Every structure is written in C-alpha cells, then in structure tokens.
Amino acid sequence: MDRARHLRNYDLHSWSGLALGLFVYIVVFSGSVALFFHEVQSWEDPARRLGIAEPPIEMNAIFTNWIDKHSNGDPIEFLRFTYPTAYAPYYTGRASIKRENEEAKFISQRWDTSTGAPLPERGEGMSRWLLDFHRDLMWPDFLGGHTAGRTIVGIVGIILMLSIVTGVVAHTKITKELFTLRFFRSIRLKWQDAHKVLGLWGLPFYSMIAFTGAILGVLAIIAPLIAVLTFKGDQTALMNAVLGEPVEASGISAEMLSVDDLADLKMPGSNERVRFITMAHYGDTNARFDIYFAPDKELKLVEGYQINGVTGEKTDGGSTFRTSTATRVLTSFSPLHFGTYGGVLLKFAYFILGIMLSVITALGMMMWVERRRHGSTGSRPKKVYEWVSKGTAGTMIGLVIASAFLLCHDKVYTGLEEKRLFWTGITFFLVWFMAIGFAFFRQNEYAVTKELLTATALLLCSAVVLNAIKTNDTLLAIFGSGHKIAAYVDLSLVVLGLATIAVAAKLPKARDHNSNSGRRLSDLFIHLSLKDAVNGIRALFANSIKPREMPVDKEPFRK
Amino acid sequence: MSPFLLVGIGIVMIALAGATFKAPRLTSIVIWALTATVFSTAVLLLYVPGPFAERALWITIFVPVIWVALQFWTYWDRVFWRPAAILVLVTIICGGIIFFSDPVI
C-alpha cells in the first residue's frame, strides 16, 4: 500500500471514529448493559420472583372474560397470550382494542399461576429504558420516533463497520501489534497499544455485532426506501409480497380454541413448550393463531407455526414461519446480536467484549485529543481541544454513572406506575448532564474519571442494599431453594462495584506531564518484543526514542 | 409538480453539485455511497430472478455490506474524482431504470 493511500485510510479511520465515536460509545455501552434485560427485569419487579404453580391454574375462562370485558364488541387489533417462564412466572395477556373514531387502546394484565388472581401492574422502568435506549435512543416522537431512532442506531452500526475495515487496513503489522502492550511508556503509546490490542483480539465479535446491528437498524429505512422505489410507495404491498397476504375476517362468530389446550402443543422435532400465542381475528371463524415456541437449537429468538384458531389445523403463516436460507440467515441476526443463544455465561462474554469495544472507542477519542492538546498535531487553539476532552470524559463516564443511578432510582421510585418510564428517562438524563457539567467544572478529566467511577461503584453497591430493604431479598437467596435470578443480579452488582472501585483506584489523579518523554530505562523491559527492546536500547543511547505513531495531516480529509 | 418544489429540488441539486466538485471524497462517503447503494439494490430487486420474498431478504442482508464497501472505496481510490463520478453515474442510471420500470405488484 502506498503512503498516500495509507494516510487517507488512516484519516478516514480516525475521523469516522471522532465524528461519531461518542454515538458508537453510547450505543455499545448501553447495549452491553441491555444484554441482561430479562435478569434486570427479575431484579426490579417483585412479581417476577414468584414461583410457578405445578400444575398451573386453567386460564381460558379468565382470559376470555378479560377480553370480553375490555373489547365490549369492538375490534381487537392485536392479542397475545404468554405462558409463564422462569423470567416471567405468570400468565400475561396483552391486547390493542380499536374503538370507532378513537385511537387504539393498549391493555395488559398479568395473572398468578396458582390462583389466577390479577397481579398488580408495574410500569416499564429501568430495564426497558436501557434496552430501548440501545435500540432507538428513546428518540422522541416529534422527531420521528422509534423508526428514526432505530435508523440512527443502524447508521452507528455502519460507521462501526467502516471503522473496523479501515482500522484493520491501517494495521500493516497485525501479528506484531497483537502482542505489543507497552504499559510504562508515554500515555499516548499506552493508549495506542491498548486500542490496537483490544481491537484486534476482539475483531470477530466487533465485526459481527456491527454487521448485525447495522442490519437490525437499517431495516427501518431500507424497507420504506425499497417500497418507494420498487412498489411506487406502497409499503403494505411490499410487506404482503414478503410476508404473504393476510387473511380477512369472515364476520361469523365462532368458539376459540382453549389456551389451556394449546399449552400442550409441541414444536415438531423439539421438546420445547409453547411460549406465547398471537391471535388475529379473535372470535371469528377465520381466526389465526401464531404459536411461538422457545427455539431448540437453531439460532432463532423463537420458532413456531400458524393454526386456525377454531379448528386447530395448520395454515400457511407466510414467510414468518417458512424456512429458507434467507430467513434462516436473517432470523439468526437478533440472537447473534443479543447473545440469547447460549445462556447467561455467553451474555457475560458478550458484556466483557462490549465493554472492551466501549473502551476502544474511548481510547480512540482520547488519543485524538491527547495528540492535539499535548502534541504537535492540530491547528485549533488548545482551548478547543480542552473542551472536547472535558465533554468526552463527561459524556462517557456520565453514561456509566447515569445507568448505575437508575438501579437506585428503581428502588426508591414512589410515583405512578404509568409514569415510571418517564421519570426513569428524566433521572437518566439529569444525572448524565450533571456528570458532563461536573467534568467542565472540575477542570481535570483524570480526576473526573476517577471520582465518577468511584461514585458509580458506590451506586452499584447501594442498589443491592436498597433491593434488600425494599423486597427483603438478599444475596443469601443464592443458597436457598426459591427464586435466585435477583440474587445473582445482586451478586453481579457487588462484583461489578468492587471491580469498578479497583479500576478507579488504579487510575491517575492527574496527567503525568513527563509522560511524553518515553525515555525511561524501565521501558526497555516492558517490551514484549525482543526486537523492540534491542531497538529501544539503541535509540536510548542515540537519545532519540520517540513514540511510534502514524503521521497525521492537519487537514481532516485529504483529496 | 409545484414550481416551489422544483425550485427547491434545483437548489439542492446545485448545492450537491457544488459540494461534490469541492470535496468529492467527502460527499461520496456521506451521500453518494448511500444513494448508489439504495438505487442499485432496488434495481437488483427488480431484475434478479427468483421468488420476490427471497430476493428482498437477501438484498436487505447485503445492503450494509455494499454501503460500507462503497464508503471504503471512496477513500481507497487514488483518483479523487473517480468514486464520486462513478457513484453519481450509478445513482442516475439506476434511478432511470427504476423510473421507467413497472412497479412490482
């Protein structure tokens, strides 16, 4: 590769990382936390700690009464019945009812598996916020809502893919860089080596997560665009062409199959039981029930088939249930992205790799600022880079502390349940903005990082104490015979808190102003490469050790 | 079409042409790589043989790959104007094909 091309590629890598690095960091970090959506739900909601009755109570009469009471003869747009699982140990009914000249009304109900008694509704809170913040940044409706947010997150996936490709191309000595980590050299070299080592070792995972994330995100814009172009704007026609024509209601009432009988259905070739059923045209002779099972071995979130809601005969459910190579590939992206195919240990592996990717992004931005604030690169006044540095530190560590704060907020919230998500969001942004403000006020990004990380660790441990006070469930439940998921979340929070304190304790309080020199004898013994060490000794005697860096042009984009 | 809309489109086109002339690689990576991806995949969807649902799913899967490949190429090519010229040409040709094709219904 010639030098000009190498520099262009390097510039593209650094500028794509800089321009959207914060977005990438936000999406990646929130995604790492959102991996534990179901576990955190169990931790935040005491109703999810109930046991599942054996045998559970028959639900059909209760469910049909609930539908009749709420629909009152009005059309049901959407209906879903969910069976109990370890993460949600109760029956759930959800429906969307459309009254004439009114907006569709969404209703939801949970029932105890032993008595069939309705369980109190709990508003969506921290777990939902963290998951949706990762998926669509909780983008406000007046700016395009979830579709716009999801598109932006998809574009972040594209940028991450581009950064990965340009990053790999920029590394001409990959095998050497995989093992080069010079901890005691200049700050810049230390960060640069860590950026490369973490980036190269986790490369397959980052590539997968960027690609699947881009697909899941850009689908939101790609489908309408293709509709506009190939179907002359008819998006419904496009959906019908891909998913199949939906069946129309006949208008003739009929008795529906019992949800208790349907609970015994099995997926052919698998022992998994029914997880949930979505119902179209409920109460009509043309009712269609989509039966979903937990996946057995395939990389799928769910699998299933469609039946007639009156006769139980299998019907053609369109491409949703049709297995082709393309659908197999496409449906594998969600489980691959969210790590749902291999148990909680796989989620921890994803979490560690996700945090590594967040650190890589942070290091990339820190290097960019460091070169300009304390190096010869950069044409702007130092004050500009100082502000960028403070903003970056505040935004990055602010996101960490805001996420940790939500754990405590969830336990002390006493407002209306339907407003829980709203106040969760307000609290999240308030803490985040306060952290950014603190970064500017404190005038020392090293101290800011150290102090905010310490505060995060304290919040993580406080959440465990608050959980014990509010629900009487403690870490000791791990040794009991009852519900354990919440106790394992408690344990994880304590471990994470201690790890965060350890990291914060190791971080410097301020920048070491001598760290640019890189002329310490001890450095020579840190090199993992013998050749580097020999070169280091030669250079030391020649008094010319300089950080090994790529020259960067002052112009952002070369022609 | 409303004359105001036509004027608006005209202004946008002139601005795009100016920006492309001034910074061909930058406009290519931000705009033309995306337009070329969308229009070329739409043409593929129209003319590649096979069941429509299958084609649509495969093309959706390949959209991010094509998009990133084109973005990467804009800074890879030694000749600074070539990516912009080719991507604009692809957009125009594919746009023309789509405009004169019958809708897939």
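If you're wondering where the values come from, they're calculated on a predicted model, not measured in any experiment. (Residues numbered from 1 in each chain as written. Chains lettered and ligands numbered in written order. Predicted model: local features only at pLDDT ≥ 70, side-chain atom pairs only at ≥ 80, totals over all residues.)

Re the overall build of chain B
Piece 1. In terms of helices and strands, chain B carries four helices and zero strands.
Piece 2. Secondary structure elements in chain B, listed N-terminal to C-terminal, are α-α-α-α.
Piece 3. Considering only C-alpha atoms, chain B reaches an extent of 45 × 40 × 15 Å along its principal axes.
Piece 4. Residue burial in chain B is summarised as follows: out of 105 residues, 35% are buried. (Helix = DSSP H or I, 4+ residues; strand = E, 2+ residues; numbered from the N terminus. Buried ≥ 20, exposed ≤ 12 C-beta atoms within 10 Å, placed from the backbone.)

Side note on the overall build of chain A
Piece 1. Check the secondary structure of chain A and you find 17 helices and eight strands.
Piece 2. Reported as C-alpha extents along the three principal axes, the dimensions of chain A are approximately 90 × 60 × 45 Å.
Piece 3. Residues counted as buried form 37% of the 559 residues belonging to chain A.
Piece 4. Nonlocal contacts in chain A, meaning residues at least 24 apart in sequence, comprise 68% of its contacts between residues at least 6 apart. (Contact = placed C-beta atoms within 7 Å.)

Let's talk about the pairing of strand β3 (residues 105-111) of chain A
Residue and element names in this part refer to chain A.
Piece 1. Examined bridge by bridge, strand β2 (residues 91-97) and β3 share seven bridges and lie antiparallel to one another. Paired with Arg 94 across the strands is Ser 108, a residue of β3.
Piece 2. Sheet topology places β3 next to strand β4 (residues 118-119); two bridges connect them, and they run antiparallel. Among the inter-strand pairings, Trp 111 is bridged to a residue of β4, identified as Pro 118.
Piece 3. Between β3 and the antiparallel strand that follows it, β4, lie six residues; Gly 116 among them carries a positive phi value of about 75 degrees. (Pairing = 2+ DSSP bridges.)

Looking at the nonpolar core
Residue and element names in this part refer to chain A.
Piece 1. Judged by nonpolar contacts, the single largest core of 111 residues is most densely connected at Met 161, Ile 397, Ile 401 and Ala 435.
Piece 2. If we ignore the near neighbours within four places in the chain, the residues touching Ile 397 are Ala 435, Val 448, Thr 449, Leu 452 and Leu 453.
Piece 3. Membership of the second largest hydrophobic core comes to 22 residues, among which are Met 59, Ile 67, Met 256 and Phe 293. (Core = buried A, V, L, I, M, F, W, Y, C linked by C-beta atoms within 7 Å.)

Quick word on the pairing of β2 of chain A
Piece 1. Of the pairings in the sheet, the one linking strand β1 (residues 76-82) of chain A to β2 of chain A comprises six bridges and is antiparallel in character. The residue of β2 of chain A that forms the bridge with Thr 82 of chain A is Thr 92 of chain A.

What to know about the environment of Ala 220 of chain A
All names here are of chain A.
Piece 1. Checked against the element boundaries, Ala 220 lands in helix α8 (residues 203-230).
Piece 2. The partly exposed category is assigned to Ala 220, around which 19 C-beta atoms lie within 10 Å.
Piece 3. Through-space distance from the C-alpha of Ala 220 to that of Thr 151 is 6.0 Å; in sequence the pair is 69 residues apart.
Piece 4. The residues contacting Ala 220, other than those within four sequence positions of it, are Thr 147, Arg 150, Thr 151 and Gly 154.

Overview of the interface of chain A and chain B
Piece 1. Listed per partner, the contact involves 33 residues of chain A and 29 residues of chain B.
Piece 2. Looking at the side of chain A that touches chain B, the elements that each hand over two or more residues are α1 (3-34), α5 (145-170), α8, α9 (235-243) and α11 (325-338) of chain A.
Piece 3. No other element matches the ten residues that α8 of chain A contributes to the side of chain A that touches chain B.
Piece 4. Counted by class, the side of chain A that touches chain B contains 22 nonpolar, six polar and five charged residues. (Nonpolar A, V, L, I, M, F, W, Y, C, P; charged D, E, K, R; others polar.)

Structural notes on the environment of Ile 11 of chain B
Residues and elements named next belong to chain B.
Piece 1. The residue Ile 11 is located in helix α1 (residues 3-22) in this model.
Piece 2. By the C-beta count within 10 Å, which is 10 here, Ile 11 ends up exposed.
Piece 3. Residues Ile 11 and Trp 67 lie 56 residues apart in sequence; the distance between their C-alpha atoms is 26 Å.

Overview of the confidence of the model for chain B
Regions with low pLDDT should not have their predicted coordinates read in detail.
Residues and elements named next belong to chain B.
Piece 1. When pLDDT is averaged along chain B, the result is 89; 97% of the residues meet or exceed 70.
Piece 2. Element-level mean pLDDT values for chain B span from 89 in helix α3 (residues 52-76) up to 93 in helix α4 (residues 82-100).
Piece 3. Among the scores for the predicted complex, ipTM is 0.91 and pTM is 0.84. (pLDDT = per-residue confidence, 0-100.)

A short note on the sheet that holds strand β5 (residues 274-280) of chain A
All names here are of chain A.
Piece 1. With antiparallel pairing, eight strands are arranged side by side in an open sheet as β4-β3-β2-β1-β5-β6-β7-β8. For this open sheet the edge positions go to β4 and β8 (314-315), each flanked by a neighbour on one side alone.
Piece 2. Of the pairings in the sheet, the one linking β5 to strand β6 (residues 288-293) comprises six bridges and is antiparallel in character. When the sheet's bridge partners are listed, Ile 277 is paired in β6 with Ile 291.

Focus on the confidence of the model for chain A
Residue and element names in this part refer to chain A.
Piece 1. Chain-level pLDDT for chain A is 84 on average; 91% of the residues reach the 70-or-more range.
Piece 2. Mean pLDDT per element in chain A: helix α17 (residues 530-541) is the minimum at 52, and helix α14 (residues 420-442) is the maximum at 94.
Piece 3. Of the regions scoring below 50 in pLDDT, residues 517-530 engages in 29 contacts with residues more than four places distant in sequence or in other chains.
Piece 4. Confidence drops under pLDDT 50 across residues 543-559; counting only partners more than four residues distant or on other chains, this segment forms 29 contacts.

Comments concerning unusual backbone geometry
Residues and elements named next belong to chain A.
Piece 1. Glu 54 connects to Pro 55 through a cis peptide bond whose omega is 0 degrees.
Piece 2. Considering the arrangement of structural elements, one finds Pro 55 in the loop between α2 (37-44) and α3 (60-71).
Piece 3. Non-glycine residue Leu 137 carries a positive phi angle of around 60 degrees.
Piece 4. Assignment of secondary structure puts Leu 137 in the loop between α4 (126-136) and α5.
Piece 5. Looking at Leu 137, the number of C-beta atoms within 10 Å reads 19, which means it is partly exposed.
Piece 6. At Gln 443, a position not held by glycine, the phi torsion is positive, near 65 degrees.

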